[in-house]
Amino acid sequence: MRRITALVICLCTTLLAPAREPQSFFRDSDLILCGSYYYPEQWPEEQWGRDLKRMAELGFEFTHFGEFAWSAMEPEEGRFDFAWLDKAVETAASVGLKVIMCTPTATPPAWLTHKHPDIAVVTDSGRALEHGGRQHASWSSDIYRTYVERVVAALAERYGRNPAVIGWQIDNEPSHYSYTYDHSENAQRSFRRWLREKYGTIEELNRVWGTSFWSLAYNDFEQIRIPNQKTLAGTANPHSVLDYKRCTADEAAAFIDFQCEVLRRSIDPSQWITTNTMPGCSAVDPARMQGPDFACYTRYLVNGRYAGHGEQGFRISKPELLGWNNDYYRSLRGVSGVMEIQPGQVNWGKFNPQPYPGAVRLWMYHIFAGGNRFVCHYRFRQPLRGSEQYHYGTLSADGVTPSLGGREIVRFNREIAELRRSWRPGAKLPKRLRDLRTAILVNPDNRWDMEFQPLTDQWSTSAHLDKYYNIAKRAGAPTDIIGEEHDFDRYPVIIAPAYELADSQLIARWERYVRRGGHLILTCRTAQKDRTGALWEARPSEPIYALAGIDDMWFDHLPRNRQGKVSFDGRTYGWNNWADVLTPSPEAEVWARYDDQFYAGKAAVVHRRAGRGSVTYIGADTDDGRLEYAVLRRIYSSLGEPFDLPEGVVVEWRDGFWVGLNYTSDTQLLPIPDGARILIGSAELAPAEVAVWRQ
Ligand code: GAL
């Protein structure tokens, strides 16, 4: 019933809502707006004026309130207190700061979880999450949603017409953290409802899931439980796992869209709505969220997890973290921003190094270069108490002195104000870059299915995707990360890495794209399965044989400590993760061959020209990516003049500004042409340094 009501509400609002063009919320001439998180509820009221004034003085233009303040907004059930928040908004406005207002639903208050323990998320071990953390309420709980609706509606009525409030953030990093999936009875019911809607009859579900295998067949939807590897002997049914992941992502999206609908009942259309998702969280798919005006992301770059490039790389991070997110989130609706970025050391990492001097400013420029319309720093003041003690703020624990990273942020704020003066309307992407425009095609289904069936412990979908992304960026290719809803013809190059689930319509679209002049790159594992996750009743990946110029294939793996050999263009490369061993069709060219194992001489990379374009199938997956780099370089060189940037060096173009970034531990020379006007930095870039130029 709830779903039907939600659908009706959703349809009505879609019909009633004005067409919203996210671009119109931001002025191009502002380039990027800078803001910082502030928690009035965590500081004595007497300090708000001083703090917010200081924020404005340091060059910030907006602040961010409320995402964890439910217990302050509604201290007891049904008793709302917004007087404090009114005062905080007024104080911000009085010093010229705009406000992003948040719905506080990530932190249900103690009175709510105590009264309704049933709203808790339950882990796969059967443990109900307790009050004391955050993100512990189930999106599938009707009771929780009733309370959510009430607090969100109250906030919207209160601030929906306040001119200081520019936009809304729904929830905070919607997810259940630590990759927790919800196994509560609410989620179980919701999963069954989702399956019923999808399959209609239990017979159809039994057919698609292949439940004759191991006698899993169900008589009724009511018998179905969320697949849980902790309570099953033997491996779960892969189709049930895939459906459960799809269902969870739909549930998260429905939760966000539901809050959007509640907000839109009262807010002024000039206020935008977004939510900040975590790119690494595979339970959530921002592309499914239809309510927000645009999506934005949060990213933490130095926390002991990323080795980066060279000796100091662990303090600088690696460029694909911000790069991929910029190119993915911006591509969803054409507009995006970064809702959280660390201003320095964090407290929750594997270990918590100080970022390299300059790294915080480097990230800001990467965020700018990636087309974002705003960046918000997490957080303004270092907390004295609570779970994130030791987490740096822009200001240190004294509440007045900028921290190490804080000083870099202040410098960036100043520099952006300068750059705005050199902005000119109507800048066009230079031809050299236009020729290289690349899309990376993704679908979370592929990742979910391969996550569950990696087949080798060396398989990492994200490493595979990052490898191809980095190759495109080293060529200097402007890159969008897109889904199948996008227009393929805008891109001279499309890479569809490990696109495991496909159907005949997609394959026909690929063929059309190629005939019209596109260059399609497919990699190992592509089209092994249909969209239900079943293998084809055919030879492995046979539906793409005609497209890719293949007559037969099978795959192989090697032990971790062994390298197989592949030769391409007179050079030998090592592979070890995955090898699709290919028999080319007569119209394909063989570009690379395996040099050893019992299949020495068989094809590893084949290339087929078709119409005005081409398809290249790269069957070998290497650790170091050198083979893939050489293959893609051949393609890019046939299209124009690719760059050949060292790993860890980034060159981007935005609004007429070229931006060069050095994520490596060594000094690097940027390809800045003679006659270019350098606005910031120089062609010779020290580690974590930045240059901006016009040419
Ligand atoms: C984010 C989260 C913030 C804060 C931050 C600390 O993931 O959204 O609320 O906890 O981490 O680094």
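Undergrad: How do you make sense of the overall build of the protein when you look at a structure like this?
TA: Summing up its helical and strand segments, the protein has 19 helices and 27 strands in all. Expected size for 695 residues packed as a compact globule is a radius of gyration near 26 Å; at 26 Å, the protein falls within 12% of this value. Taking the principal axes of the C-alpha coordinates as reference, the protein spans close to 75 × 75 × 45 Å. By the burial criterion, 59% of the 695 residues in the protein qualify as buried. Partitioning the contacts of the protein with sequence separation of at least 6, the portion at a separation of at least 24 is 72%. Working note: accessible area of the protein is about 27400 Å², and carbon and sulfur atoms make up 51% of it. One finds the centroid of the 81 positive side-chain charges in the protein at a distance of 3 Å from the centroid of its 87 negative side-chain charges.

Undergrad: Got a minute to help me understand the pairing of strand E9 (residues 374–377) in this structure?
TA: The two faces of a sheet get side chains in turn, since along a regular strand they alternate between them. Side-chain alternation along E9 places Phe374 and Cys376 on one buried face and Val375 and His377 on a second face that is also buried. Here strand E8 (residues 338–341) runs beside E9; their pairing, made up of two bridges, is parallel. Across the sheet, the residue bridging to Val338 is Val375, located in E9. This β-α-β element, E8 to helix H12 (residues 359–369) to E9, shows right-handed connectivity.

Undergrad: Would you mind showing me how to read the site of the ligand here?
TA: For the ligand, the full set of nearby residues is Phe68, Arg134, Asn172, Glu173, Tyr177, Tyr300, Glu340, Trp348, Tyr378, Glu388 and His391. Between the ligand and Asn172, the relevant distance is 3.0 Å, taken from an oxygen atom to a side-chain nitrogen or oxygen of the residue. For the ligand, an oxygen atom lies 2.7 Å from a polar atom in the side chain of His391. Relative to its free-state accessible area of 310 Å², the ligand is covered by the protein chains to the extent of 95%. Looking at the shell around the ligand residue by residue, the classes come out as five nonpolar, two polar and four charged.

Undergrad: Explanation requested: the sheet that holds E9 in the structure shown.
TA: Either a parallel or an antiparallel arrangement is found when strands of a sheet pair, and the pairing is made through backbone hydrogen bonds. Taken in spatial order, the nine strands make up an open sheet running E5-E4-E3-E2-E1-E9-E8-E7-E6, and their pairing is parallel. Two strands lie at the open edges of the sheet, namely strand E5 (272–274) and strand E6 (276–277), each paired on one side alone. Sheet topology note: the E6/strand E7 (residues 296–299) ladder contains two bridges and is parallel. The residue bridging Thr277 from the neighbouring strand is Tyr297, located in E7.

Undergrad: Would you explain the domain arrangement of the protein in this entry?
TA: How big an interface is tends to be reported as the loss of accessible area on association of its parts. Taken domain by domain, the protein comprises domain 1 (29–181 + 250–420), domain 2 (436–639) and domain 3 (653–694). On a C-alpha basis, the centroid separation for the pair domain 1 and domain 2 is 37 Å. Across the contact, 13 residues belong to domain 1 and 16 residues belong to domain 2. Taken over both partners, the interface formed by domain 1 and domain 2 buries close to 1200 Å², and the fraction arising from carbon and sulfur atoms is 52%. The largest contributions to the domain 1 side of the interface with domain 2 come from Ser282, Glu320 and Trp324, which together make up 45% of the buried area.

Undergrad: Whenever I open this one, the packing of aromatic side chains confuses me. Can you help?
TA: Each aromatic ring pair is characterised by the separation of its centres together with the angle its planes make. Scanning all chains against the criterion turns up 39 aromatic pairs. Relative to Phe294, the ring of Trp272 has its centre 5.1 Å away and its plane inclined at 55 degrees; by these criteria the two rings are tilted. Of the two residues, Trp272 sits in strand E5 while Phe294 sits in the loop between E6 and E7, which places them 22 residues apart along the sequence. For the pair formed by Trp272 and Phe294, the shared burial category is buried. Look at Tyr300 and Trp348: their rings are 5.6 Å apart centre to centre, the planes differ by 75 degrees, and that puts the pair in the edge-to-face class. Linking Tyr300 in the loop between E7 and helix H10 (313–316) with Trp348 in the loop between E8 and H12, this pair joins segments that are 48 residues apart in sequence. Taking relative accessible area as the criterion, Tyr300 reaches 10% and is therefore assigned buried.

Undergrad: Is there a simple way to think about the side chain of Arg608 in this case?
TA: Within the secondary structure layout, Arg608 lies in strand E19 (residues 603–610). A polar atom in the side chain of Arg608 sits 3.2 Å from the backbone oxygen of Ala546. Filtering out sequence-adjacent residues up to four positions away, Arg608 remains in contact with Glu511, Arg515, Ala546, Leu547, Ala548, Gly549, Glu587, Gly613, Ser614 and Val615.

Undergrad: Can you walk me through the side chain of Thr456 in this structure?
TA: With respect to the helices and strands, Thr456 occurs in the loop between helix H15 (444–452) and helix H16 (461–474). With a relative accessible area of 8%, Thr456 lands in the buried category. The residues contacting Thr456, other than those within four sequence positions of it, are His557, Asn577 and Trp578.

Undergrad: Explain the environment of Thr274 to me, please; I cannot follow it from the model alone.
TA: Here Thr274 is to be found in strand E5. We classify Thr274 as buried; its relative accessible area is 0%. Distance from Thr274 to Arg330, taken between C-alpha atoms, is 13 Å for residues 56 residues apart in sequence. Here Thr274 is in contact with Trp168, Gln169, Ile170, Pro292, Phe294, Ala295, Cys296 and Met339, once residues within four sequence places are set aside.

Undergrad: Would you take a moment to explain the sheet that holds strand E22 (residues 649–654) for this structure?
TA: Taken in spatial order, the four strands of this open sheet run E22-E23-E27-E25, and their pairing is antiparallel. Every other strand in the sheet has two partners, leaving E22 and strand E25 (677–680) as the edge strands with one partner each. If you compare each strand with its neighbour and ignore which way they point, the axes differ by 25 degrees on average. Judged from the three bridges that link them, E25 and strand E27 (residues 690–694) form a sheet pairing that is antiparallel. Its bridge partner lying in E27, Ile678 is registered against Trp693. Against the sheet, H12 engages E22, strand E23 (657–662), E25 and E27, with an angle of about 145 degrees to E23. Here helix H13 (residues 404–422) sits on the sheet and contacts E23, E25 and E27; the angle it forms with E25, its principal contact strand, is near 150 degrees.

Undergrad: Please explain the confidence of the model for the protein as it appears in this structure.
TA: In regions of low pLDDT, the predicted coordinates are not meant to be interpreted in detail. Per-residue confidence for the protein gives a mean pLDDT of 96; residues scoring 70 or more make up 97%. The model gives residues 1–16 a pLDDT under 50, and that stretch makes twelve contacts with residues more than four places away or in other chains.

The rules behind these values
Residues numbered from 1 in each chain as written. Predicted model: local features only at pLDDT ≥ 70, side-chain atom pairs only at ≥ 80, totals over all residues. Heavy atoms only, no water. Helix = DSSP H or I, 4+ residues; strand = E, 2+ residues; numbered from the N terminus. Rg over C-alpha atoms; globule rule 2.2 N^0.38 Å. Buried < 20%, exposed > 50% of the residue type's maximum accessible area, 1.4 Å probe, protein only. Contact = heavy atoms within 4.5 Å. Areas by Shrake-Rupley, 256 points an atom, 1.4 Å probe, with all protein chains shown as cover. Lys, Arg positive; Asp, Glu negative; His and termini not counted. Charge placed at Lys NZ, Arg CZ, Asp CG, Glu CD. Pairing = 2+ DSSP bridges. Right-handed = clockwise from strand over helix to strand, strands pointing away. Near = heavy atom within 4 Å. Polar contact = N/O pair within 3.5 Å; in protein donor to acceptor, adjacent residues only side chain to side chain. Nonpolar A, V, L, I, M, F, W, Y, C, P; charged D, E, K, R; others polar. Domains from an automatic or database assignment. Buried area = accessible area lost by both parts, 1.4 Å probe. Phe/Tyr/Trp six-rings, centres within 6.5 Å; stacked < 30°, edge-to-face > 60°. Axes fitted to C-alpha atoms, helices over the stretch in contact; angles between N-to-C directions. pLDDT = per-residue confidence, 0-100.

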